[in-house]
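Next come the chains, spelled out residue by residue.
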Amino acid sequence: MGKYIEMIRIRFLMMLAYRTNYYSGIIIYSINIAAYYFLWSAIYGGKEDIEGLSVIQMTTYIAVAWMARAFYFNNIDREIALEIKEGKVAVELIRPYHYLSMKTMQALGEGIFRLLFFSVPGMVIVSLIFPLKISADPATWGFFAISIVFSFMINTQINLMTGILTFFLFNNDGLIRAKRVVIDLFSGLLLPISFYPLWAQSIMGYFPFQYISYVPSMIFTGGFAGSEVWNAIMMQFLWVAILFIPIQILWVLAKKQMVIQGG
Amino acid sequence: MSYVSIFMQYVGQYMKTRLTYRTDMIVEIFSDLLFQAVNLVFILVVFGHTKLLSGWTKDEIIFIYGFFLIPFAVFSTFFNIWDFNERYIVKGELDRILTRPIHSLFQVILERLELESMFGVITGLVVMVYAGQNLGLTIEWYDPVLFLLFVLGGSLVYAGIFISIATISFWSDSRTAIMPMMYNIGNFGRYPVNIYNQIIRFVLTWILPFAFVGVCPAAFFLGKTDWYLYAFLTPVMGIAFFIFSIILWNIGVTKYRGAGN
Amino acid sequence: MSNLMIDVDNLTKEFKSHSSRSGLKGAFRDLLTRNYTVHQAVDSISLKIKPGEMVGYIGENGAGKSTTIKMLTGILTPTAGNVRINGMNPHKERERFVKTIGVVFGQRSQLWWDIAVQESFRLLKKVYNVSDEDYKSHMGLVIEALDIAPLLDKPVRKLSLGQRMRCELAAALIHNPPLLFLDEPTIGLDVLVKLKIREFLKELNDRYQTTVVLTTHDLTDIEALCERVIMLDEGKIIYDGALSQLKTSWGEGKQIQFHFTSPKTREELLETTGSELVVWEPSENANSWTANVTNDEEVISVLIKDVVADHKILDLKLLETSTEEIIRNIYEEGVIHG
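Keep in mind that what you see is a predicted model, and the values were worked out from it rather than measured.

What about the overall build of chain C?
When helices and strands are tallied, chain C shows twelve helices and 13 strands. Expressed as lengths along the three principal axes of its C-alpha atoms, the size of chain C is roughly 75 × 60 × 50 Å. For chain C, the residues scored as buried account for 33% of the 338 residues in total. Nonlocal contacts in chain C, meaning residues at least 24 apart in sequence, comprise 73% of its contacts between residues at least 6 apart.

Brief notes about the interface of chain B and chain C
When the parts of a complex come together, some accessible area is lost, and that lost area is often used as the size of the interface. In this complex, chain B contributes 21 residues to the contact, which on the side of chain C involves 24 residues. Where the side of chain B that touches chain C is concerned, the elements lending two or more residues are helix H1 (3-20) and helix H5 (93-98) of chain B. Among the elements that take part in the side of chain B that touches chain C, H1 of chain B stands out by supplying six residues, more than any other. When grouped by side-chain class, the residues that make up the side of chain B that touches chain C number five nonpolar, eleven polar and five charged.

Description of helix H6 (residues 161-172) of chain C
All names here are of chain C. Spanning twelve residues, H6 covers 16 Å between terminal C-alpha atoms, matching the ideal 16 Å at 1.5 Å per step. Listed as buried for H6 are Arg-164, Met-165, Arg-166, Cys-167, Glu-168, Leu-169, Ala-170, Ala-171 and Ala-172. Residues of H6 that are buried make contact with strand E5 (101-105), helix H4 (117-127), helix H5 (132-146), strand E6 (179-183) and helix H7 (191-208).

Points about the domain arrangement of chain C
Per the domain assignment, the segments making up chain C are domain 1 (6-248) and domain 2 (253-320). Summarising the inter-unit geometry, the C-alpha centres of domain 1 of chain C and domain 2 of chain C are found 45 Å apart.

Observations regarding the nonpolar core
Core analysis: the largest hydrophobic core is formed by 193 residues, its most contacted members being Ile-33, Ile-62 and Ile-219 of chain A, Phe-162 of chain B together with Leu-214 of chain C. The residues contacting Ile-33 of chain A, other than those within four sequence positions of it, are Ile-62, Ala-63, Trp-66 and Val-126 of chain A. Of all hydrophobic cores here, the second largest spans 18 residues; its members include Val-89, Met-105, Ile-164 and Phe-167 of chain A.

Digging into the confidence of the model for chain C
Residue-level pLDDT values for chain C average 86, and 93% of them are 70 or greater. Per the prediction output, this complex has pTM 0.79; the corresponding ipTM is 0.79.

Concerning the interface of chain A and chain B
Listed as interface residues are 31 residues of chain A and, on the opposing side, 34 residues of chain B. Every element with two or more residues in the side of chain A that touches chain B is listed here: helix H2 (19-44) and helix H8 (173-186) of chain A. Counting residues per element, the side of chain A that touches chain B draws most heavily on H2 of chain A, which supplies 14 residues. Taken together, the residues that form the side of chain A that touches chain B break down as 20 nonpolar, eight polar and three charged.

Notes on helix H6 (residues 104-111) of chain B
Listed in full, the buried residues belonging to H6 of chain B are Leu-105, Gln-107, Val-108 and Leu-110 of chain B. Of the surrounding elements, those touching the buried residues of H6 of chain B are H1, helix H4 (84-90), H5 and helix H12 (228-253) of chain B.

Quick look at the sheet that holds strand E8 (residues 228-233) of chain C
Note: strands within a sheet are paired through backbone hydrogen bonds, in either parallel or antiparallel orientation. All names here are of chain C. Judged by pairing direction, the sheet is mixed, and its six strands sit side by side in the order E5-E6-E7-E3-E8-E9 without closing on themselves. Both edges of this open sheet fall to E5 and strand E9 (236-242), since each of them pairs with a single strand only. Adjacent strand axes in the sheet meet at a mean angle of 15° when their direction is disregarded. Note: E5 against E6, five bridges, orientation parallel. Its bridge partner being in E6, Val-103 is matched across the sheet by Phe-181. Each of E5 and E6 touches H6; the most contacted strand, E5, lies at about 160° to it.

Section: the sheet that holds strand E11 (residues 279-282) of chain C
Residues and elements named next belong to chain C. Read across the open sheet, the four strands follow the order E11-E12-E10-E13; overall the sheet is antiparallel. Looking at the sheet topology across the chains shown, the edges are occupied by E11 and strand E13 (313-320). Looking at each pair of strands side by side, their axes are set apart by 20° on average, direction ignored. Bridge count between strand E10 (residues 254-260) and E13: seven bridges; the pairing is antiparallel. The residue of E13 that forms the bridge with Ile-256 is Leu-318.

Details of the pairing of strand E1 (residues 6-19) of chain C
Residues and elements named next belong to chain C. In this structure, E1 lies alongside strand E2 (residues 35-49), joined through eleven bridges in antiparallel fashion. Each residue of the ladder has a partner; that of Ser-19, found in E2, is Asn-35. Pairing of E1 with strand E4 (residues 80-85), which is carried by five bridges, proceeds in the antiparallel orientation. The residue bridging Asp-7 from the neighbouring strand is Arg-84, located in E4.

Conventions used here
- Residues numbered from 1 in each chain as written.
- Chains lettered and ligands numbered in written order.
- Predicted model: local features only at pLDDT ≥ 70, side-chain atom pairs only at ≥ 80, totals over all residues.
- Helix = DSSP H or I, 4+ residues; strand = E, 2+ residues; numbered from the N terminus.
- Buried ≥ 20, exposed ≤ 12 C-beta atoms within 10 Å, placed from the backbone.
- Contact = placed C-beta atoms within 7 Å.
- Nonpolar A, V, L, I, M, F, W, Y, C, P; charged D, E, K, R; others polar.
- Expected span 1.5 Å × (residues − 1).
- Domains from an automatic or database assignment.
- Core = buried A, V, L, I, M, F, W, Y, C linked by C-beta atoms within 7 Å.
- pLDDT = per-residue confidence, 0-100.
- Pairing = 2+ DSSP bridges.
- Axes fitted to C-alpha atoms, helices over the stretch in contact; angles between N-to-C directions.

In structure tokens form, the structure reads like this:
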């Protein structure tokens, strides 16, 4: 376990080394949130609420969705793809750790860094500029915290899968890009899932995407209440469990492939 | 100058390589289409809940988006330099570039060509024609000429901004989040800038003038007379920003530190 | 206008680098303030190279070799000093200048990875604006001499390192430049390929009077090709002169190892040779002794004649201090004397 914690720490330090990244990050995230705030204000255009969310809740939703994204988002799919292409994975396999766990830990180190240095100060700045509705209820914060941890896990699992697929495709860039687009749209980052027409919502119910962004953001803004919160978190947990299966299968197949091709 | 023939030579090579990896190309075009579809979906879903967006109708917004896709496609084809820092500075590929007798930026552009992005032009035209028909727009004789001029201006605005950002790498090779986030900010040019407050409107018009890629020129074809001045500024802004970025680049190259130091 | 190929005066390159503090706390402090240190990678060096010379440029890692080469090829801008190569300033007139040089970086490919070698050549021919006739007459010879004709239709990624390196060399010569920079051209290559490349470079130098500047870790390359070496240490030139000169003033004499049929004592041997010109040292066993003498034909001949006349021997070995040892000695002691 110690080596994995070390992995988190190293990645954290690496992130810290990129100073320009840190300064520019908050500003650019704030601009992004600001732009969405105005877009949504224009969309509301004086309406009290749309699909049960007031304009202030909507702003809060957008702000928290982006700030949570800073935590769960990572590039390990690209990293894995690159390491496979450059033949480094074979070397990684002889090291005394589990490659996928190690990648996950690196992603976590990155996520914790961004949570502390982007999201928290960014959220403070954004809440000073825009009218947000931030709950004072510790239970809400607690559920939110649990929920974004699951978000991280689901998103990372999807990234691992996309990354491993590089073993079977000659060039995986297209798939990685497509995946990113799909996640932005169907995770609820750009639009709350409840805004979609009902038929679209029912299709999305069969996919894990909305459990990445929609669920934690709705919990934070108070869009979910009571048993809805519990149900949502249970569903997140369920998806984390389900997604383990295809990853394991793909990983076993990938290792076989590697033996044949020699990395 | 023989730059044109060198360009053709590179295009030829590019086609040869790309045709060897046909599936890649198809996947790439498909993921581009998907990306464009996502934005359309966003617009459609939003207009499921409202009739007007700060005075603009659904079809007008879709028309602006269609226009935006075209200069963006031209930009993506030629200025695919989002990983310039990683590829050329950190890995030191610029060393090689600098030992060849062609302007360094031109070589980088040639090496990073991505011709399949040109499909975005077709998507954009389809979207524009669809929205234009719903709006009952007509085409005057001067429209195609202005259209080309505006597309060129918009592409140069994009190119100017991204080249300028790439030049940061000459001074500091640390990775920054600026590149990917700039793509995000660029997307705001797709919407009418009058929905934003004054500061953001100012930024999107004069500092990171993404408004000149989408709404400003498109508004001309939509017959919004109060936008005409901005529409005609499009080529001017494009050329100004592009020249500025080239100057920055030329200064930057003298600050290049080489890899491994 | 001077008739020098390379004329460098007080060339200096400084790098400003930040040192990061250790640990988590240090990293936080780095966010606010940074420690900058200025490092002189190349420290006021001057050198002149005439057309047609083949010069070895050597030094340990980090001595400033690559940085110098990068300034000479127009990649980096010097912090101070003057560079004129072929009458041009590499950085100021980069695009015109690089048409007159060829560069091979052993660790970096000039060729396009995915396309066939000849396609890369064709592209470079366009880039350097080489006419069809020139290309045919000149590259025909190069391709033949390097024996790469069978490789031309293969994509670069399918080539072995040795094959690739020969193609790289050919690619750098497409425009038949009067000046060729080779940075570690033989790194990781097997002996046969090395020999082929050396032979080729000699031929090139004979035929076109091509000036060659070569950096390498492999001193046998330098011995085979260069009459002149320039040695660099911590950004400064510590030796610039003939390789043979380096050997006579630094080669610490010769050693002659005798293997006798029976055990010998120092006294017996001294009786034969005297002690003014030779120092005897015992070797592996009582039967073998080593004579240390100055590197002088007369002394060596007399010694061997005398020893063989007095004692029966089984074997005789002449040991010369290798260039590598000489260079190691120089770096250990730091300065050149003599």
